[in-house]
Amino acid sequence: MLAAIAVPALIREYRPDDFEPLWRIDQACFTRGISYTRRELAFYIGQKRGFTLVAQSDGTIVGFVVVDRGRQSQGHVITIDVLPAARRSGLGSRLMAAAEERLRALGCSGVFLETAVDNAAALAFYKRRGYAVVHTIPRYYLDSIDALVLTKDLTPQGSDVGPEA
Ligand SMILES: CC(C)(COP(=O)(O)OP(=O)(O)OC[C@H]1O[C@@H](n2cnc3c(N)ncnc32)[C@H](O)[C@@H]1OP(=O)(O)O)[C@@H](O)C(=O)NCCC(=O)NCCS
């Protein structure tokens, strides 16, 4: 699909007044039951060790990424959401590159995430960025759809795998 929204000029830190637009984007990106409730999204955005980056185009939020830091210096991408009209313009890649760069700066040596086994777009996106499937979690979504866990090495040795932007 061709992007109907210009590539945003700005990727910035989350601010509290972004919450409602972010929740609406998440509703647009995932089906009911997989999309977050307001309470769930607020919980993940509020994680003390994590961060949320927002992509803005002409004053409108068009995408975001929520990241946490787990044990053993591993980053955890909770979700990355780009509005349908803004996809395939490199925005998701820019958000992920910014998130990975931040994790490296925080001392993380790797990053992991989960995605539904039937989310072909996300799998293609992550593989293009150098992520590899490490295992499957049965019935993770809606108690019926398996999740794939993917990881990426963020160390200098691993950083030449996959495009950075
Ligand atoms: C996955 C997602 C974040 C990708 O965002 P995006 O801004 O479209 O990604 P980019 O434009 O940076 O794509 C980079 C590359 O990833 C791959 N890719 C992205 N979307 C793809 C698709 N629908 N089909 C095949 N490959 C795809 C392509 O290789 C693409 O490069 P190209 O456009 O030059 O071919 C977006 O589709 C999305 O928000 N989906 C809904 C939410 C979701 O599933 N999030 C991930 C699971 S948590």
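Refer to the structure above for everything that follows.
Residues numbered from 1 in each chain as written. Predicted model: local features only at pLDDT ≥ 70, side-chain atom pairs only at ≥ 80, totals over all residues.

Let's talk about the site of the ligand
Rule in force here: Working rule for contacts: place C-beta from the backbone, and if it is within 6 Å of a molecule or strand, that residue counts as near it. Under the DSSP-based scheme used, a helix requires at least four consecutive residues in state H or I and a strand at least two consecutive residues in state E, with every element numbered from the N terminus. Three categories are distinguished: nonpolar for Ala, Val, Leu, Ile, Met, Phe, Trp, Tyr, Cys and Pro, charged for Asp, Glu, Lys and Arg, and polar for the others, with Gly belonging to the last.
Taken together, 19 residues are adjacent to the ligand, and Arg 87, Gly 92, Ser 93, Ala 121 and Ala 124 come closest. When residues of the shell around the ligand are traced back to their parent elements, those giving at least two are strand 4 (74–82), helix 3 (91–105) and helix 4 (120–128). Top element by residues in the shell around the ligand is helix 4. It accounts for five residues. Of the residues in the shell around the ligand, the class split is eight nonpolar, seven polar and four charged.

Focus on unusual backbone geometry
To be explicit about the condition: Buried means a residue has 20 or more other C-beta atoms within 10 Å of its own C-beta, exposed means 12 or fewer, and partly exposed covers the counts in between; C-beta atoms are placed from the backbone.
Even without being glycine, Asp 58 reaches a positive phi, approximately 50°. The exposure class assigned to Asp 58 is exposed, which follows from the 10 C-beta atoms found within 10 Å. For Asp 143, which is not a glycine, the phi torsion comes out positive at approximately 55°. By the element assignment, Asp 143 lies in the loop between strand 6 (132–141) and strand 7 (145–153). Accessibility expressed as a C-beta count within 10 Å gives 8 for Asp 143, which makes it exposed.

Here's the deal with helix 3
Counted only if it meets this: The length a helix should cover is 1.5 Å for every residue beyond the first. Here contacts are defined at the residue level, using C-beta atoms placed from the backbone and a cut-off of 7 Å between them.
In a regular helix each residue adds 1.5 Å, so 15 residues correspond to 21 Å; helix 3 covers 21 Å between its end C-alpha atoms and thus fits that length. Turning to helix 3, its buried residues number three or more, namely Leu 91, Gly 92, Arg 94, Leu 95, Met 96, Ala 99, Glu 100 and Leu 103. Close packing links the buried residues of helix 3 with strand 1 (10–13), strand 2 (51–57), strand 3 (60–69), strand 4, strand 5 (110–116) and helix 4.

Some remarks on the packing of helix 1 (residues 19–29) against helix 2 (residues 38–45)
Under the convention used in this document: To obtain each axis, a line is fitted to C-alpha atoms, and for helices this fit is confined to the stretch in contact; angles are then taken between N-to-C directions over 0 to 180 degrees. Crossings are assigned a handedness: left-handed for a near helix turned anticlockwise from the far helix by less than a right angle, right-handed for a clockwise turn.
Across the interface, helix 1 lies against helix 2 with an axial gap of 10 Å and an inter-helix angle of 115°. In terms of crossing hand, the pair formed by helix 1 and helix 2 is right-handed. Where helix 1 approaches helix 2, its residues Phe 19, Leu 22, Trp 23 and Asp 26 are matched on the opposing element by Arg 38, Leu 41 and Ala 42. For the contact of helix 1 with helix 2, the per-class residue count stands at five nonpolar, no polar and two charged.

Comments concerning the environment of Leu 10
Along the chain, Leu 10 turns up in strand 1. Given 11 C-beta atoms within 10 Å, Leu 10 falls into the exposed group. Spatially, the C-alpha atom of Leu 10 lies 30 Å from that of Arg 71, the residues being 61 residues apart in sequence.

With respect to the sheet that holds strand 7
We count it as follows: We call two strands paired when DSSP finds no fewer than two bridges between them.
With respect to topology, seven strands assemble into an open sheet ordered 1-2-3-4-5-7-6, the strand pairing being mixed. Of all the strands in the sheet, just strand 1 and strand 6 have a single pairing partner and so form its edges. Between one strand axis and the next, the sheet turns by 25° as a mean value, whatever way the strands run. In this sheet, strand 3 lies alongside strand 2 in antiparallel orientation, the contact comprising seven bridges. Paired with Thr 52 across the two strands is Val 66, which belongs to strand 3. Against the sheet, helix 1 touches strand 3 and strand 4, its axis set at about 90° to strand 3.

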